[in-house]
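Residues per chain, in single letters:
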Amino acid sequence: MVAAAYHQAIHFISCSCFAANEGSKNFLVTSSSGSLKMKPVFRKERYSLRQSVNCAEYSSKKSLCAIQPIFSSLSSTNDSRRTVSESYLILIRHGESMWNEKNLFTGCVDVPLTNKGVEEAIEAGKRIRHLPIDVVYISALIRSQMTAMLALTEHHCKKVPIIIHNETEQAKVWSQIYSEGTEMQSVPVIRAWQLNERMYGELQGFNKLETAERCGKEQVYKWRRSYDARPPNGESLEMCLRRAVTYFKEQIEPQLSSGKNVMVVAHANSLRSILMYLDKLTAEEVIHLELSTGVPMLYIYKENHFIRKGSPMGSMEAGVYAYTESLALYKQNLLDEVLDEVSL
C-alpha cells in the first residue's frame, strides 16, 4: 500500500511543472517509518529547455523530458548568472558481481554482474526513476558500467546514456554528436579510474574464507577493514580514499555546485571513501561502514553542504538503507560513552 502510494505520488509530482511569476515549485518526497512526506522546494528561476532537466508535460500516454546537451552541460559549471538552490547526488554500489557470488577478492579485476546483480541494477533504477539526472560518473570497471546502464533504462524520461570518450582528440571527434535534438535527449556518462575499487594486490582472485584460514582471520580482517593497512602489493583504504575523494572534489562537486544532478555508480571502497568525506566519518567509523549492492543513497547538495536522505523506497518494501547496523551500533556506543563521562 505504502509503496504503491509513493510511486503514484512521486510519478505525478516529478512530472508536473507549476509555472508562475514566483518561479517553479517542486516537491521532495521522503519516507520515515513507512509514512510519506512531501516537502515543497522553491526554485527562483525558470529555465529554458537547454538550461534545466525538468519534465515539461505529463499525460497518461507520454512524458517529455528536456535534457541539457551532452557536451555543453559539462563546460558550463562556472556560470555565475545561475541561481542554484539545491542538487541531487545519487550514489550506488554496483550490483552483485560474479566474484561477489564466489566470495573472491575482486579489487580491480574486471568482472561482470551475475543475474542477481542485473536484477539489483534494474531495481536501483526503479528507485531513482523520478529523480533528475544530468550527468553520470562510473568507474573503469564493467560491473559499475553495467549497473549504471541498466539502472538508466528504468528512468521515466528515457534519456539515452552515452559514454564520453575523451581519451584522445580523435576519440573526441569520432564520438561527437551532431544532432542537437538527439543531444538534448542524452545524458553524459563519464568513466574515471579514480572511482575504481580498491586494488587488493596479491589477494585478488583468492577466496576470502580460504585466505583467512591460510593467513589468519585477524590478518585478513586487518587487510580488509583497517584504514591504513595494505594487502601485499595492494592499496589501503586510505590510499583509495585519496584518489577517489580528490576526484570527487575536483570533478563531481563542481557539477553539483553549478546545479547539476549527479549519479555516481562505483564500488564498496571507493564509495566508502566518498561517504567518509560526505558524512565526516572518522577513520574508526569508516571501517564499520558497509554498503549493500544495488541500493541507491540520496544526498541533497545545498549551500556547499551535503544532506543525507537515506535510500529512495523500493517497489517491494517501505524503505531500505544502505548502511549496516554495525556502524549505527558503533556510533551509539560512542554516544553512550560520552554520556557516561558527562554523568560522572
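So, how was this worked out
- Residues numbered from 1 in each chain as written.
- Predicted model: local features only at pLDDT ≥ 70, side-chain atom pairs only at ≥ 80, totals over all residues.
- Heavy atoms only, no water.
- Axes fitted to C-alpha atoms, helices over the stretch in contact; angles between N-to-C directions.
- Helix = DSSP H or I, 4+ residues; strand = E, 2+ residues; numbered from the N terminus.
- Parallel < 35°, antiparallel > 145°, perpendicular 65-115°, else oblique.
- Left-handed = near helix turned anticlockwise from the far one by under 90°.
- Contact = heavy atoms within 4.5 Å.
- Nonpolar A, V, L, I, M, F, W, Y, C, P; charged D, E, K, R; others polar.
- Patch = residues over 30% accessible without salt bridge, like charges linked within 9 Å, V, L, I, M, F, W, Y side chains within 5 Å.
- Areas by Shrake-Rupley, 256 points an atom, 1.4 Å probe, with all protein chains shown as cover.
- Salt bridge = Lys/Arg side-chain N within 4 Å of Asp/Glu carboxyl O.
- Pairing = 2+ DSSP bridges.
- Buried < 20%, exposed > 50% of the residue type's maximum accessible area, 1.4 Å probe, protein only.
- Arc of directions from axis to C-beta.

1. As for the packing of helix α9 (residues 237–257) against helix α10 (residues 268–278)
Where α9 contacts α10, the axes come no closer than 8 Å and their chain directions differ by 65°. Classified by the angle their axes make, α9 and α10 are roughly perpendicular. Here α9 runs over α10; the crossing is right-handed. Between α9 and α10, the contacting residues are Leu237, Cys240, Leu241, Ala244, Val245, Phe248, Lys249 and Glu253 on the first element and Asn269, Ser270, Arg272, Ser273, Ile274, Met276, Tyr277 and Leu278 on the second. Across the contact of α9 with α10, the residue classes tally to 10 nonpolar, 3 polar and 3 charged.

2. Quick notes on a nonpolar patch on the surface
A contiguous nonpolar patch, built from Val173, Trp174 and Tyr178 and spanning about 470 Å² of accessible area, is present on the exposed surface. Looking at where Val173 falls in the secondary structure, it is placed in helix α5 (residues 169–174).

3. So, the pairing of strand β11 (residues 305–308)
Across 4 bridges, the pairing between strand β10 (residues 297–302) and β11 is antiparallel. Paired with Tyr299 across the bridge in β11 is Arg308. Between the antiparallel neighbours β10 and β11 lie 2 residues, among them Glu303 with a positive phi of about 50°.

4. Some details on the environment of Ala151
Residue placement: Ala151 occurs in helix α4 (residues 142–152). Here the alpha-carbon distance between Ala151 and Val265, two residues 114 residues apart in the chain, equals 9.8 Å. Once residues lying within four places of it in the same chain are set aside, the contact partners of Ala151 are Ala121 and Gly125.

5. Details of helix α7 (residues 208–215)
If you check which residues of α7 are buried, you get Lys208, Thr211 and Ala212. Relative to the axis of α7, the buried residues are bounded by an arc of 100° and lie together on one face. The exposed residues of α7 that point more than 90 degrees off its buried face are Leu209 and Glu213. Of the surrounding secondary structure, the elements contacted by the buried residues of α7 are α8 (217–225). Just beyond α7, the residue with positive phi is Gly216, at close to 100°.

6. Observations concerning the pattern of salt bridges
Note on pairing: side chains with opposite charge can pair once their charged atoms come close. For the structure on display, the rule yields 7 salt bridges. A salt bridge links Glu235 to Arg243; the nearest nitrogen and oxygen atoms lie 2.7 Å apart. Arg243 gets classed as buried once you look at its relative accessible area, which sits at 11%. Here Arg272 ties to Glu290 by a salt bridge, and the two come within 3.7 Å at their closest N and O atoms.

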